[in-house]
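Residue-level structure breakdown
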Amino acid sequence: MTAITDLGLAGLRDGFRAGDFSAREIADAFNGAVAGAKALNAFIIETPDHATAAAEAADRARAAGELLPLSGVPLGIKDLFCTAGHQTTAASHMLGGFTPTYESTVTGKLFAAGAGMLGKLNLDQFAMGSSNETSAYGNVVSPWRRNDGGNAPLAPGGSSGGSSSAIAARIVPAATGTDTGGSIRQPAAFTGIAGIKPTYGRCSRFGIVAFASSLDQAGAMAQDVRDSAILLEAMSGFDPKDSTSLDVAVPKWEANLSSDLKGKKVGIPKEYRVDNMPAEIDALWRQGIEWLRDAGAEIVDVSLPHTRYALPTYYIIAPAEASSNLARYDGVRYGLRDLPEGANLQEMYAATRAAGFGPEVKRRILIGTYVLSAGYYDAYYTKAQKVRALIARDFEEAFRQVDVLLTPTAPSAAFALGEKSADPLEMYLNDVFTVPASLAGVPAMSVPAGLDGQGLPLGLQIIGRPLDEQGVLNAGLAIEQRAGFTAKPQNWWAK
Amino acid sequence: MSSYRIQGATGEWEVVIGLEVHAQVVSNAKLFSGASAAFGAEPNQSVSLVDAAMPGMLPVPNEECIRQAVKTGMALGAEINRWSRFDRKNYFYADLPQGYQISQLYHPLVGEGTITIDADEKAGIAEARTIGVERLHVEQDAGKLMHDQHPTRSYVDLNRSGVALMEIVSKPDMRSPSEAGAYLRKLRSILRYVGSCDGNMEEGSMRADVNVSVRKAGDPFGTRTETKNVNSIRFVMAAIESEANRQVDVIEGGGKIVQETRLYDPDRNETRSMRSKEDAHDYRYFPDPDLLPLELSEEFVAQCRAELPELPDAKRARYEGELGLPAYNAAVLTSDVETARWFEALLDAAGKPGAEVARAASNWLISDLFGALNRLGKAIDESPVSPRQGAELLALVADGTLSGTLAKQVFEIMLETGDDPARIVEERGLKQTSDTGAIEAVIAEVMAANADKVAEYRGGKDKLFGFFVGQTMKAMGGKANPGVVNELLKKTLG
C-alpha cells in the first residue's frame, strides 16, 4: 500500500471520504513527516495542533455526513499569508514574532473548506529571491540531489522554496504559494512538482504580506495538475476587501479537467529561445511540443516581440512597489524596533530597517527608491509602465491566434545553494521565462516534464488567456500524462 | 482689483495669494477603511487594521467620500473627471502608518472651478471677484502626534489617520488678506451647503496652507512661501499680512525670498521657517498599485447632481427675486446654510405665500432672533425658539393680536420658557386691544391728568403728541393697538 504521505491532495481527500483512513491518521502521518524533515528547513514554524484540530473536526464532519471540499487534507502555508494566532514573518527579522489577529482571505477560505495547517513554510525574505537563500531563518534545501555523487545542497527555487521543497519531499501534500515574477513556477520546476499562478485578481491579496501589489498573486503548489486545480479552486474568489480582486465566479476546474486538446492551438513564442539555453531545456521544450501535438493541439509559431524587455521592466516595477509597500515596517507599531541610545525618530527608523531587512530586500528597496525619485521617475518607472503595457499587448495579440503558450519554466535545473547568490543579476535571470506572464497578469503554470542529465527535474510552462485557468490546467494535464513524471527525491533527510 | 498694497521703502507692493484648503469629508467611515471618521473619540479608538497599516492590509475606497467630493466639485462649478487615479505620496513619519499617504497628484477627481466673493466696502473689496479653483482631489489624513503627554515619549493617535480630506487648491488670484478671508468664508459656506464638510476650523476639519508672494504691480510673480496648516480665517489673514510684510522687508533689505515651508505663530503674529527647499522631501509619487483607477459612471454623476442642494448664490438671487427681500437681508440669510434652513422652515410654518411674509420674517430673524442668539451665545441650530414658534409669533403680529412692543415682550418670554406665543398671550393676557371704548376711556383719563400738556399741545407744541401716545400705551399696559391709539388721540386732541 502507498504511504499516506505519498497520496497527494486528491488521493487523501478521496481516501478519507471512502473511509480508507481517518483525517487524524492523515494529520499524524504528515505531522510526523514534518517533524522528521528538519534538515530541509522548509518550515519557519510548525503548527501540528492546527492540523490535528482540523483533522478531528473533519472526522466529526464525516461522521455527521457534512464533508467540506478539503475535509481531511492538511496543507503547508507559505509564511507570507497572515494566519490569525500564528506567527507570520515573511521570513524576515523585521516581522520576527509577529502574530496577526486576522486571517488572510486565502487561508481563511482554505480553513473554511476544511483544510488544516501543518505549519508556516519558509520562503525568500518578503518573497524576494529565486533560491530561498534570502530568508532570515536560513536556506531551504531541496530534497533533490544531483546524481553525480556530490552532495551539494541544491536550491529549491524561490521565493516559494519552502512550499516546493516540502511538497517534493512529501512532507506536505500541497501548499500555498505566491508568485510575483515566477515565485510559484520556478520553484515548482526546480523540485519536480506542479504550480499554478492564476490570473491577477483571482485570489485575494488581503492578508498576504505585500511585495509588489500589481504583480503579487497567490496560487497553488501540489504534486500534480489535478491537485493544483483542487487547491486553486478553494483559494480563488472575489473579495470585497481587495480592490483589485476580480468579481467573477470560480469555475469548476477539477471537474472540467481534460487532456484532450483537439481544436486547441498552442503557441510557441520564438523569443523564449534565449542565448546559451542548455540543450536539455531546449530538447525538453521540443518534447513538450510533441506531447501537445499528440494531445490533439495544433502548434503555431508566435512572436512576443517585447519579451526581452520583460526582465528589466520587472526589476523596475517590482522594486518600486516594494520600496513603498515595505515602508510600513518602521518600528513604530509592530515587529522589530531598534532604538539606539539617544536616537531620534529618523535614527530609530534607520536602525530598525538596517537590522530588520536582509541584503536582497535592502537592494530592492534602494532600487525602487531610486527609480521613483525625482528626476528619474519618467526615465525608469514611467518608461517601465509603458513597456509593461506593450508586453501585455504582445500576449493579447498572441492569444488572438492561439489558446495557450508553451515555454520552458526556467533556464536551468536547480543550482547549488551559494552558486549564484553572489551575483544578483545572474540570479534575476532565473525569472526570464516567468516574468512576462506576471507583467501581463495572465495565468501560467509549471508542470514537471523530465529530468536533466544530473537527474534533476525540469519544468515546462503553460501560459493562458486571462481567466482561462482551465485551458492552462488542461494543457498541463496533457503534458503530465505524456511525461509520466514519477521521479522522486531520495529520502536522505528523514530521521 | 484690490487696492490693498504694502507700503515699502521703495514704493507700493502687491500681494499675491493662493490657498490650499484641506477640508475633512463628512462621512461615516474613512476614505479606505470602515473605521469611524467621527470627531472626539478616545485616542486610537477609531483605527482599523488598514489604518494601522498592518501587514497584508489593503485599502478599499469608500463611495460616500467620493460622492461628497464630486458634489463639492459640482458646487464649485468644476469639471468632474470621470477617470481619476490614486497615487502614493511616500515619506516616513510616525503619524503616517503606511509610510505613504494615498492622494491624487497626477489625475485629480475634480478639475477647474470658481468661487465668487462679494464686494465688501468695509473689508476693502471694491467689487465682486471670481477666484479660480485649480483642482480638488481626495486624500487620506495622517494621524496625530502628541508630544505633551510624557516627558520623553511621543504618543500617536491614529483616529484621524485615513480620514478623507478634500484638498481644494485655488489659483493665485487673491490680492489681499480680506479677499483670502472672504474666499475661505465663501468656500466654507459652500461646503456646509453641500454637507461635504462641517467647516469647523477649531476641530481641524478645515485648515489652510497659505501661499504668499509679493511683487511690484505689473511685475511677474515673485518667489512664494507656503505657510502650513493655519487653522482659522483670522489667522490666515494675519499670516498673509505678516508674511507679505516680511517678504517686502527681506527684498528691500537686499535679500532674496527662498521658496520654503513656514509656520504661523499666532502668539507672536509671525511666520517662521519650517523647512527649506533643500531639505524638502522627495515624495516619490507613483500610482497606488493596490487601487484601480476611479471611474465614475453616468448614473453616479447624475445622482450626485440630483442630490446637489440649492447653493448660496442661487438661493440669494431667489430670495431677492421670488421673495422680494432686500439685498442685505438676502445676503445675511443665505451666507450660512443653517440660517437659510431655519428661515425656510419659518416660511413653511407660516403656511402663506412666501412673498407675503418673507420681509417681516427676515427682519424679525435678522434683528430679534439674531440679537437674542448673540446675547445667549448660541448658534441658530441651537435656538430655544423653533421656526414654528417664530411663524406663530409673526402671525400674531400680522393679524393685529400683538403690537410690535408686545411681540418683543412675548418673544422674551418665549426665549425664557420655550412656550408657544399663543399660549403666552392667552395666559398672560398680552393681547393687543383695539377696543375703542376702552382706549377712549384711558385717553380721557390721560388728558384729565395732564391738562397743562393738553393746553400746550393745542397751543401748537405738536411734539407732545408722542407723550400722549406713550402715556396712553403705558396706562393700557402696552396692549393697546398703537394705530387705534394714534387715531383716537388725533381725534380727541383735535
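Here the structure is a predicted model, which is why all the values come from computation and not from measurement.

**So, helix α5 (residues 312-321) of chain B**
All names here are of chain B. Restricting attention to buried positions, one finds in α5 the residues Pro312, Lys315 and Tyr319. Each buried residue of α5 lies within a common arc of 65° when the element is viewed along its axis, so the set occupies one face. Residues of α5 that are buried make contact with α2 (177-194), α6 (327-334) and α7 (337-350).

**Let's talk about the nonpolar core**
Membership of the largest hydrophobic core comes to 166 residues, with the highest contact counts inside it found for Leu70, Leu75, Leu110, Phe126, Ile171 and Leu406 of chain A. For this core, the element with the most residues is helix α9 (residues 310-325) of chain A, which contributes nine residues. Setting aside its immediate chain neighbours within four residues, leucine 75 of chain A contacts Leu9, Leu70, Leu110, Ala115, Gly116, Met117, Leu118, Gly119, Ala174 and Leu231 of chain A. Ranked by size, the runner-up nonpolar core spans 106 residues in total, among them Val110, Met166, Val214 and Ala330 of chain B.

**Structural notes on the sheet that holds strand β4 (residues 87-90) of chain B**
If you trace the three strands from one edge of the open sheet to the other, you get β5-β4-β15 (chain B), paired in antiparallel fashion. Of all the strands in the sheet, just β5 (100-103) and β15 (286-287) of chain B have a single pairing partner and so form its edges. The pairing of β4 of chain B with β15 of chain B spans two bridges and is classified as antiparallel. Bridge assignment links aspartate 87 of chain B to a residue of β15 of chain B, and that residue is proline 287 of chain B. Packing against the sheet, α9 of chain A makes contact with β4, β5 and β15 of chain B, and its axis sits at approximately 60° to β4 of chain B.

**A look at the interface of chain B and chain A**
Counting residues at the interface gives 31 residues for chain B, matched by 39 residues for chain A. A buried area of about 2800 Å², summed over both sides, lies between chain B and chain A, and 59% of it is on carbon and sulfur atoms. The salt bridge involving arginine 205 of chain A is made with aspartate 290 of chain B; its shortest N-O contact spans 2.9 Å. Linking chain B with chain A are 18 residue pairs in polar contact (both at pLDDT 80 or more), by the criterion used here. For the side of chain B that touches chain A, the secondary-structure elements that each account for two or more residues are β4 and β15 of chain B. Looking at the side of chain B that touches chain A residue by residue, the classes come out as 23 nonpolar, four polar and four charged.

**What about the layout of surface pockets?**
Residues and elements named next belong to chain B. The volume enclosed by the second largest pocket comes to roughly 1200 Å³. Secondary structure elements with two or more residues in the lining of the second largest pocket: β6 (113-117), α2, α5, α6, α7 and α8 (354-376). Take the lining of the second largest pocket: its biggest share by element is six residues, from α2. A breakdown of the residues in the lining of the second largest pocket according to their chemical character gives 15 nonpolar, seven polar and 14 charged. Per-domain counts for the lining of the second largest pocket show at least three residues from each of domain 1 (6-299) and domain 2 (310-428).

**What to know about empty space enclosed by the protein**
For the structure on display, the rule yields six cavities of 30 Å³ or more. For the largest cavity, the calculated volume is near 80 Å³. Lining the largest cavity are Val50, Asp51, Leu96, Pro97, Gln98, Tyr100, Gln140, Asp141, Ala142, Ser161 and Gly162 of chain B. Broken down by class, the residue content of the lining of the largest cavity amounts to five nonpolar, four polar and two charged. For the second largest cavity, the calculated volume is near 70 Å³. Contributing to the lining of the second largest cavity are Ala127, Gly129, Ser130, Gly158, Gly181, Gly182, Ser183, Phe211, Tyr314, Tyr315, Arg364 and Asp431 of chain A. Its residues placed into classes, the lining of the second largest cavity shows four nonpolar, six polar and two charged.

**Details of unusual backbone geometry**
The step from glycine 158 of chain A to serine 159 of chain A runs through a cis peptide bond, and the omega angle for that step is 5°. As for its position among the elements, serine 159 of chain A is in the loop between β3 (116-121) and α5 (161-168). Unusually for a residue other than glycine, asparagine 132 of chain A sits at a positive phi of about 60°. Looking at where asparagine 132 of chain A falls in the secondary structure, it is placed in the loop between β3 and α5. Among the residues examined, asparagine 132 of chain A registers a relative accessible area of 0% and is labelled buried. The backbone phi angle of asparagine 269 of chain B is positive, close to 45°, even though this residue is not glycine. With respect to the helices and strands, asparagine 269 of chain B occurs in the loop between β13 (260-265) and β14 (270-276).

**Brief notes about the environment of serine 170 of chain B**
Residue and element names in this part refer to chain B. Tracing the sequence through the fold places serine 170 in strand β10 (residues 164-170). Its relative accessible area of 7% is what places serine 170 among the buried residues. Sequence separation between serine 170 and lysine 30 is 140 residues, and the spatial gap between their C-alpha atoms is 25 Å. Apart from residues no more than four positions distant in its own chain, serine 170 is found in contact with Gly18, Leu19, Ile131, Gly132, Val133, Glu134 and Tyr183.

**Observations regarding the packing of helix α14 (residues 465-475) of chain B against helix α15 (residues 482-493) of chain B**
Residue and element names in this part refer to chain B. Two numbers describe how α14 lies on α15: the axes approach to 10 Å, and their chain directions differ by 125°. In this view, α14 runs oblique relative to α15, as classed from their interaxial angle. Crossing geometry of α14 relative to α15 is assigned as right-handed. Here α14 contributes Phe465, Phe468, Val469, Thr472 and Met473 to the contact with α15, which in turn contributes Pro482, Val485, Asn486, Leu489, Lys490 and Leu493. A per-class count over the contact of α14 with α15 returns eight nonpolar, two polar and one charged.

**Considerations on the pairing of β13 of chain B**
Of all the six residues making up β13 of chain B, five are buried; the element is thus mostly covered by neighbouring parts of the structure. Crossover handedness for the path strand β12 (residues 225-230) of chain B to helix α3 (residues 233-252) of chain B to β13 of chain B: left-handed.

**Examining the UniProt feature "active site" in chain A**
Residues and elements named next belong to chain A. UniProt records the feature "active site" for Lys78, Ser159 and Ser183 in the present numbering. Considering the C-alpha atoms alone, the annotated residues occupy 106 residues of sequence yet fold into one spot, their largest mutual distance being 11.3 Å. Considering only the annotated residues already named, the ones lining the second largest cavity are Ser183. Structurally, lysine 78 is set in strand β2 (residues 74-78). Among residues more than four places away in sequence, those in contact with lysine 78 are Lys120, Leu121, Leu123, Ala127, Ser159, Ser160, Ser163, Thr176, Gly177, Thr178 and Ser183. Not counting the four nearest positions on each side in its chain, serine 159 is found in contact with Lys78, Asn122, Leu123, Asp124, Ala127, Met128, Gly129, Asn132, Thr178 and Ser183.

Reading guide: rules and limits
- Residues numbered from 1 in each chain as written.
- Chains lettered and ligands numbered in written order.
- Predicted model: local features only at pLDDT ≥ 70, side-chain atom pairs only at ≥ 80, totals over all residues.
- Heavy atoms only, no water.
- Buried < 20%, exposed > 50% of the residue type's maximum accessible area, 1.4 Å probe, protein only.
- Helix = DSSP H or I, 4+ residues; strand = E, 2+ residues; numbered from the N terminus.
- Arc of directions from axis to C-beta.
- Contact = heavy atoms within 4.5 Å.
- Core = buried A, V, L, I, M, F, W, Y, C linked by side-chain atoms within 4.5 Å.
- Pairing = 2+ DSSP bridges.
- Axes fitted to C-alpha atoms, helices over the stretch in contact; angles between N-to-C directions.
- Buried area = accessible area lost by both parts, 1.4 Å probe.
- Salt bridge = Lys/Arg side-chain N within 4 Å of Asp/Glu carboxyl O.
- Polar contact = N/O pair within 3.5 Å; in protein donor to acceptor, adjacent residues only side chain to side chain.
- Nonpolar A, V, L, I, M, F, W, Y, C, P; charged D, E, K, R; others polar.
- 1 Å grid on protein atoms, 1.4 Å probe; cavity = no way out; pocket = protein on both sides within 12 Å on 5 of 7 lines; lining within 4 Å.
- Points joined across faces, edges and corners; volume = space filled by probe spheres on them.
- Domains from an automatic or database assignment.
- Parallel < 35°, antiparallel > 145°, perpendicular 65-115°, else oblique.
- Left-handed = near helix turned anticlockwise from the far one by under 90°.
- Right-handed = clockwise from strand over helix to strand, strands pointing away.
- UniProt positions renumbered as here; feature names shortened; annotations may be inferred.

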